[in-house]
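Topology and contacts: notes
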Amino acid sequence: MALGEKITTILNGTIESIRSVIPLSMTIDKPSLFVQPFTQTSISVLIGMTGDLRGRLIIEGHETMFGTIGETMFGMPLEGEMLESFTGELGNMIAGNLATVVSQKGITIDITPPTVLVGQTKIYGFDKAFRVPIHFESNGELQLILTIDNE
């Protein structure tokens, strides 16, 4: 499978995973290519991928958006360390679901444990990156970032 096909399959699989894990109504924009660095302003979860495609999956947003998702899923507000822990687990659920979805399409990926990044952070060290904005009816937004390493 060509690199472009793998990237498309991973992006589509991630979108499918987000739709199945997050129980909120959402609109997903088209992916756009961007160059490094990626700059985050609030909180994100980073999950490394190895296997047929090497890179990172980053889900970034404001703490209030992750809090809204957590409260919707668990019925209680999350703050501080609980919110940070939830953000990591949300990333883990999405990436685990992604690995299953893409394996059914012939791509094998392994995922690393989630790394939660809090505050302003810049990420360098990738060859290509794609950004997919996800808008929620609750007036919040997440950014799905897929970075690709050299093959």
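Residues numbered from 1 in each chain as written. Predicted model: local features only at pLDDT ≥ 70, side-chain atom pairs only at ≥ 80, totals over all residues. Heavy atoms only, no water.

**Quick word on the nonpolar core**
Inclusion rule: As used in this record, nonpolar core signifies buried Ala, Val, Leu, Ile, Met, Phe, Trp, Tyr and Cys residues forming a set joined through side-chain atoms within 4.5 Å. Burial status follows relative accessibility: with a 1.4 Å probe on protein chains alone, a residue under 20% of its type maximum counts as buried, one over 50% as exposed, and anything between as partly exposed. By definition, any uninterrupted DSSP run of H or I lasting at least four residues is a helix, any uninterrupted run of E lasting at least two residues is a strand, and each is numbered from the N terminus.
With 38 residues, the main nonpolar core has Ile-10 and Ile-22 as its most contacted residues. Counting only elements with at least two residues in this core, the list comes to helix H1 (3-21), strand S1 (26-28), strand S4 (43-51), strand S5 (55-61), helix H2 (63-74), helix H3 (80-103), strand S9 (128-136) and strand S10 (141-148). Among the elements that take part in this core, H3 stands out by supplying eight residues, more than any other. Counting nine residues, the second-largest nonpolar core is a separate cluster that includes Phe-34, Phe-38, Leu-117 and Ile-145.

**Description of the packing of H2 against H3**
To be explicit about the condition: Interaxial angle, 0 to 180 degrees, is taken between N-to-C directions of lines fitted to C-alpha atoms, where a helix line uses only the stretch in contact. Angle categories are assigned with fixed cut-offs, so that under 35 degrees is roughly parallel, over 145 is roughly antiparallel, 65 to 115 is roughly perpendicular, and the rest are oblique. Contact definition: two residues touch when any of their heavy atoms are within 4.5 Å. Three residue categories are used. Nonpolar comprises Ala, Val, Leu, Ile, Met, Phe, Trp, Tyr, Cys and Pro, charged comprises Asp, Glu, Lys and Arg, and polar comprises the others, including Gly.
Contact geometry for H2 and H3: axes closest at 10 Å, N-to-C directions at 75°. By the angle between their directions, the pair H2 and H3 is classed as roughly perpendicular. On H3, the residues that touch Glu-63, Phe-66, Gly-67, Ile-69, Gly-70, Met-73 and Phe-74 of H2 are Leu-83, Phe-86, Thr-87, Leu-90 and Met-93. Of the residues in the contact of H2 with H3, the class split is eight nonpolar, three polar and one charged.

**Notes on the UniProt feature "domain: Chemotaxis phosphatase CheX-like" (unreviewed entry) in the chain**
Rules: UniProt positions are given in the numbering used here, feature names are shortened, and annotations may be inferred rather than shown by experiment.
UniProt annotation of "domain: Chemotaxis phosphatase CheX-like" (unreviewed entry) refers to residues 43-120 when read in the numbering used here. The span residues 43-120 shows a helical share of 46% and a strand share of 29%, and its end C-alpha atoms are spaced 8 Å apart.

**Focus on the packing of aromatic side chains**
Stated formally: Classification of ring pairs rests on two measures: the distance between centres of Phe, Tyr or Trp rings, Trp counted by its six-membered ring, which must be within 6.5 Å, and the angle between planes, read as stacked under 30 degrees, edge-to-face over 60 and tilted in between. Ring-over charges, as used throughout, are those where CZ of Arg or NZ of Lys falls within 6 Å of the ring centre and within 35 degrees of the ring normal.
Taken as a whole and judged by the stated rule, the model has three aromatic pairs. For the ring pair Phe-34 and Phe-38, a centre distance of 6.3 Å and an interplane angle of 55° mean the geometry is tilted. As far as burial versus exposure is concerned, Phe-34 and Phe-38 are alike and both buried. Ring centres of Phe-74 and Phe-86 lie 5.7 Å apart, and the angle between their planes is 90°; on these two criteria the pair is classed as edge-to-face. Taken together, the residues Phe-74 in helix H2 and Phe-86 in helix H3 connect sequence positions twelve residues apart. Classification of Phe-86 by relative accessible area gives buried; the value is 6%. An aromatic cluster is built from Phe-34, Phe-38 and Phe-126, whose rings are joined through pairwise contacts. Arg-131 extends its terminal NZ or CZ atom over the ring of Phe-34, reaching a point 4.3 Å from the ring centre.

**Regarding H1**
Put simply, the rule reads: A helix is expected to span 1.5 Å multiplied by its residue count minus one.
Taking 1.5 Å of rise per residue, 19 residues should cover 27 Å, and H1 covers 27 Å from first to last C-alpha, within 8% of that figure. What H1 keeps buried is the set Lys-6, Ile-7, Thr-9, Ile-10, Leu-11, Gly-13, Thr-14, Ile-15, Ser-17, Ile-18 and Val-21.

**Overview of the environment of Phe-130**
Along the chain, Phe-130 turns up in strand S9. Taking the relative accessible area as the measure of exposure, Phe-130 reaches 15% and is therefore buried. It is 30 Å that separates the C-alpha atoms of Phe-130 and Phe-74, two residues lying 56 residues apart in sequence. With sequence-adjacent residues up to four places away left out, Phe-130 is seen in contact with Ile-7, Leu-11, Ser-32, Leu-33, Phe-34, Leu-144, Ile-145, Leu-146 and Ile-148.

**What about H3?**
If you check H3, its first and last C-alpha atoms are 35 Å apart, about what 24 residues at 1.5 Å a residue would give, namely 34 Å. Listed in full, the buried residues belonging to H3 are Leu-83, Phe-86, Thr-87, Gly-88, Leu-90, Gly-91, Ile-94, Ala-95, Leu-98, Ala-99, Val-101 and Val-102. Where H3 is buried, its residues touch H1, S4, S5, H2, strand S6 (109-111) and strand S7 (115-118).

**Side note on the pattern of salt bridges**
Stated precisely, the cut-off is as follows: Put simply, a salt bridge is a Lys or Arg side-chain nitrogen that is within 4 Å of an Asp or Glu carboxyl oxygen.
Considering all chains together, one arrives at two salt bridges under this definition. A salt bridge links Glu-16 to Lys-105; the nearest nitrogen and oxygen atoms lie 3.8 Å apart. Note that Glu-16 is positioned in helix H1 and Lys-105 in the loop between H3 and S6, a separation of 89 residues in sequence. Take Glu-16: its relative accessible area is 41%, and that puts it in the partly exposed class. Note on Lys-105: relative accessible area 44%, which makes it partly exposed.

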